[in-house]
Structures are given as structure tokens and as C-alpha cells.
Amino acid sequence: MKAIAEMLKPRESVFSDSTREDVLNLSDFADRRIDADKFFSENFKTQGMSMLFDTAFKRFKGESDTGVVKLTQAMGGGKTHSMLALALLADNPKLRERILGKAYTDIGTIKVVTFSGRENADFGIWGSIAEQLGKKELFSGYYSPLKAPGESAWINLLKEDKILILLDELPPYLENARSITVGNSDLSRVTIAALANLFSALGKEQLSNVCLVFSDLKATYESGSELLQSSFKELDAEANRIAIEIAPVALNSDEVYSILSKRLFEDKKIDSDYSIDKNEIAIAYKDAVTTAKKLGFTSYAGETVYRGIIDSYPFHPSIKDLYARFKENQNFQQTRGLIRLMRQIVRQFWESGQAEHAYLINVFDVN
């Protein structure tokens with residue numbers, strides 16, 4: 001059997017002390033700092049991402065009434081990454097055809113508007129959206145003093161062009177906005193009213209050309225002050241009235257292994273030799289487990305272990321069970337945290353020389 005080092009080669013980023021590629025946000029897209037080819041070469045397209053792409057582009061083709069998508073997952077669970085993938089595809093028709101095929105090549109130009117709650121907005125979120133569309137003057141009456149655009153104002157701003165709106169990291173923005181006084185209220189309440197009106201407007205026929213994707217507000221109304229919780233829940237309820245929910249990553253599935261393989265190892269040619277070599281390793285483990293079961297040492301089935309290794313290689317399938325427990329750890333960043341953790345494990349595995357004689361990366365190999 002071939003050792004892991006003979007089968008796979010880690011990406012250069014595994015041996016780098018920088019984890020910059022894990023923390024891209026919408027401002028990186030807005031500032032054109034993302035290499036689209038590199039992005040898609042290192043990122044696995046999950047079922048959740050495929051559903052997001054289909055939903056958005058069917059909307060732009062006039063084949064779907066769904067205009068609002070809420071990405072739901074715990075912190076670090078792939079929400080921002082999925083938004084960036086959608087933004088890159090919407091912005092570049094040629095890339096869209098290469099990644100998704102010819103089904104969505106006749107959509108034409110899509111304007112992409114982004115807002116990250118980690119950024120400031122002097123004229124509110126609505127001012128940022130209007131400015132990116134080149135229509136800042138249309139909302140001039142809502143800047144000084146800051147006040148929420150109504151449903152008809154949103155329709156007037158967004159009608160005609162095909163527009164993708166991406167809203168991320170809203171919780172920290174809204175928490176900070178409550179410290180900014182606006183008349184007899186504060187900016188958080190004005191922003192919530194503006195967004196509620198936007199969600200409502202997207203349910204109208206005039207805005208069938210617009211698709212909005214946002215990450216859920218659950219973190220805000222779970223951690224925010226009691227005074228704000230009811231307002232956040234009302235906004236979430238307004239969005240849920242017309243939104244569909246999509247989880248970017250199925251954390252309890254074998255997608256986790258596909259994500260790790262794509263991110264941590266160079267693209268491998270899945271030829272007959274590779275498949276034969278991987279199958280040989282899986283069979284060896286299957287035979288060992290089958291023998292152990294006959295001797296009464298384990299209750300595991302050899303066939304289960306075989307299938308697990310085929311799906312999880314080069315990782316032992318038991319790592320998924322261990323990772324499932326991490327979800328109980330407060331503030332653990334789900335997919336992002338797992339990638340960072342496994343990057344360090346793979347790096348140590350190669351630098352220590354273990355990869356030259358091991359057949360799987362096992363739980364007991366972790367330093």
C-alpha cells in the first residue's frame with residue numbers, strides 16, 4: 001500500500017503561518033482583492049452553495065419568485081464564503097459558465113451590491129446601496145437627517161436592473177448603531193425599519209429582478225440587550241415571511257471531508273491508479289476490523305469502515321465524530337475553525353515525517 005505522502009501533496013498555504021484566505025469578507029470583493037480562479041480552485045461547492053446559486057440565478061432568469069435568501073449556520077459556518085462565491089459568479093459571466101455550465105449564460109449583466117456590518121456607513125445601509133448603484137441622489141432625502149426609506153422608495157431605487165444585494169455581519173453593525181442618536185430614536189431602530197421596508201419591497205412584482213442574500217440575525221437577538229431583542233426578532237420575522245433558509249455546509253455529512261481535501265491538498269488527478277490505491281487501503285482496514293469483530297474486540301462492521309475511508313480519505317472517518325462534538329464549544333467557528341485546526345494537523349503530520357509511512361491521518365496522530 002502507498003503511504004499518504006505518495007498519494008497527496010499539501011498546498012503551500014498549509015505550511016504558511018498566514019491564515020488570510022480563511023477570513024475573506026465582502027469588502028475584499030468590493031475592493032477587487034479576490035483571485036476568482038484561486039478561490040474556486042481551493043473551495044468545494046457544497047450542496048448548500050449549489051442551492052444558493054440555483055435560487056439566485058433562477059430569480060434573475062425569471063424562473064423563481066424567491067427574492068430573499070437567509071443563510072443560516074453558526075459562526076464560521078461558511079455564510080460569508082458562500083456570499084463571496086455567489087458575488088464572483090454574478091459579477092463574471094465567463095466564470096459563471098465555467099463553474100455552473102451554460103444554463104445561466106443568457107442572464108446578462110448583474111449588478112452586485114455588498115454591505116458588511118464590519119464597515120461604517122455615513123448615510124446608512126440604504127445610502128451605501130444607493131451609492132454602489134450610482135443612484136445616490138435618489139435617496140438624498142434620507143441622509144440628513146437619517147431616516148428609513150419606505151417600500152416605494154426602495155422599489156424606485158432598485159427597479160429595472162438585475163441586482164444582487166449581499167448583506168453580511170449585520171449584528172455588530174446594529175449593536176454599534178444603537179449608540180448613534182437619530183432624532184428621538186437611534187440608528188439601529190432606523191436601520192431595522194429601512195431593512196424591513198426593503199424585505200417587504202422585494203416581495204413586489206416590480207422587484208422581480210432583485211435577489212437579496214443575508215446572514216441570519218439570530219446572534220444579535222440572542223446576545224443583544226433585552227430592549228433590542230424584540231426589534232431584531234420583528235425584523236427577522238419580516239424577512240422570514242418571504243425568505244428561504246439555506247445552510248451553506250451540511251456539518252454532519254461527508255461534505256466536511258470534501259471541503260478539507262479541496263482546501264488543504266493540491267488538486268489530484270482522480271485516475272484509475274489513485275482509485276485503486278485508495279481502495280487497497282480501505283480494504284486493508286476493512287479486513288482488520290472484520291477480524292477484530294470476529295474476535296469480539298469491536299462491534300464495528302468492516303463494510304462501514306471501508307465506506308467511511310473511501311469517503312473521508314486521507315482522514316480516518318472517526319475524525320468526523322470527534323468534530324461533531326466541537327459544535328458544543330461556545331464560539332467555535334464551525335467550518336472555518338475546522339479548516340484552521342486541520343491545517344495545523346496536516347502541517348505537523350508532514351513536517352514530522354508521519355506522512356511518509358502512515359496510510360490515514362488518525363485521531364491519535366494529533367499532537
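Reference entry: report on the structure contained in this document.

Parameters and conventions
- Residues numbered from 1 in each chain as written.
- Predicted model: local features only at pLDDT ≥ 70, side-chain atom pairs only at ≥ 80, totals over all residues.
- Heavy atoms only, no water.
- Helix = DSSP H or I, 4+ residues; strand = E, 2+ residues; numbered from the N terminus.
- Buried < 20%, exposed > 50% of the residue type's maximum accessible area, 1.4 Å probe, protein only.
- Contact = heavy atoms within 4.5 Å.
- Areas by Shrake-Rupley, 256 points an atom, 1.4 Å probe, with all protein chains shown as cover.
- Axes fitted to C-alpha atoms, helices over the stretch in contact; angles between N-to-C directions.
- Parallel < 35°, antiparallel > 145°, perpendicular 65-115°, else oblique.
- Left-handed = near helix turned anticlockwise from the far one by under 90°.
- Pairing = 2+ DSSP bridges.
- Core = buried A, V, L, I, M, F, W, Y, C linked by side-chain atoms within 4.5 Å.

A word on the overall build of the protein chain. Across its full length, the protein chain carries 17 helices and seven strands. Within the protein chain, the fraction of its 367 residues that count as buried is 51%. Counting only contacts in the protein chain whose residues sit at least 6 apart along the sequence, the fraction spanning at least 24 positions is 76%. With an accessible surface of roughly 17,600 Å², the protein chain has 47% of that area assigned to carbon and sulfur atoms.

Okay, the packing of helix 4 (residues 47-60) against helix 5 (residues 79-91) next. Relative orientation of the contacting elements helix 4 and helix 5 amounts to 40°, with a least axis distance of 10 Å. It follows from the interaxial angle that helix 4 and helix 5 lie oblique. Relative to helix 5, helix 4 is oriented so that their crossing is right-handed. Contact residues: helix 4 offers Met 49, Leu 52, Phe 53, Ala 56 and Phe 57, while helix 5 offers Ser 82, Ala 85, Leu 86, Leu 89 and Ala 90.

The parallel open sheet is built from five strands, whose spatial order is 2-3-6-1-7. Single-partner strands in this sheet number two, and they are strand 2 (111-116) and strand 7 (243-246). Recorded for the sheet is a direction-independent mean angle of 20° between the axes of neighbouring strands. Across the sheet, helix 5 lies against strand 1 (68-71), strand 2, strand 3 (163-168) and strand 6 (210-215), angled at about 160° from strand 3, the strand it touches most.

Here Ser 144 and Pro 145 are connected by a cis peptide whose omega angle stands at 0°. Residue position: Pro 145 is located in the loop between helix 7 (124-132) and helix 8 (151-158). Across the junction of Tyr 313 and Pro 314, the peptide omega takes the value 10°, indicating a cis bond. Assignment of secondary structure puts Pro 314 in the loop between helix 15 (302-312) and helix 16 (318-326). At Arg 32, a position not held by glycine, the phi torsion is positive, near 60°. Looking at where Arg 32 falls in the secondary structure, it is placed in the loop between helix 2 (26-30) and helix 3 (36-41). Unusually for a residue other than glycine, Glu 169 sits at a positive phi of about 55°. Judged by relative accessible area, Glu 169 falls into the partly exposed class, the value being 25%.

Attention now goes to the nonpolar core. It is characteristic of soluble globular proteins that their nonpolar side chains tend to be buried jointly. Of all hydrophobic cores here, the largest spans 42 residues; its most connected members are Trp 126, Ile 129, Trp 154, Leu 158, Ile 165, Leu 167 and Leu 212. Looking at this core, the elements that each hand over two or more residues are strand 2, helix 7, helix 8, strand 3, helix 9 (170-177), helix 10 (187-201), strand 6 and helix 12 (226-240). Examining the composition of this core, we find that nine residues originate from one element, helix 10, more than from any other. For Trp 154, the residues in contact, after removing those within four places along its chain, are Trp 126, Ile 129, Phe 139, Pro 149, Ala 194, Asn 197, Leu 198, Ala 201 and Leu 207. Judged by nonpolar contacts, the second largest core, of 35 residues, contains Leu 260, Leu 264, Ile 310 and Trp 350.

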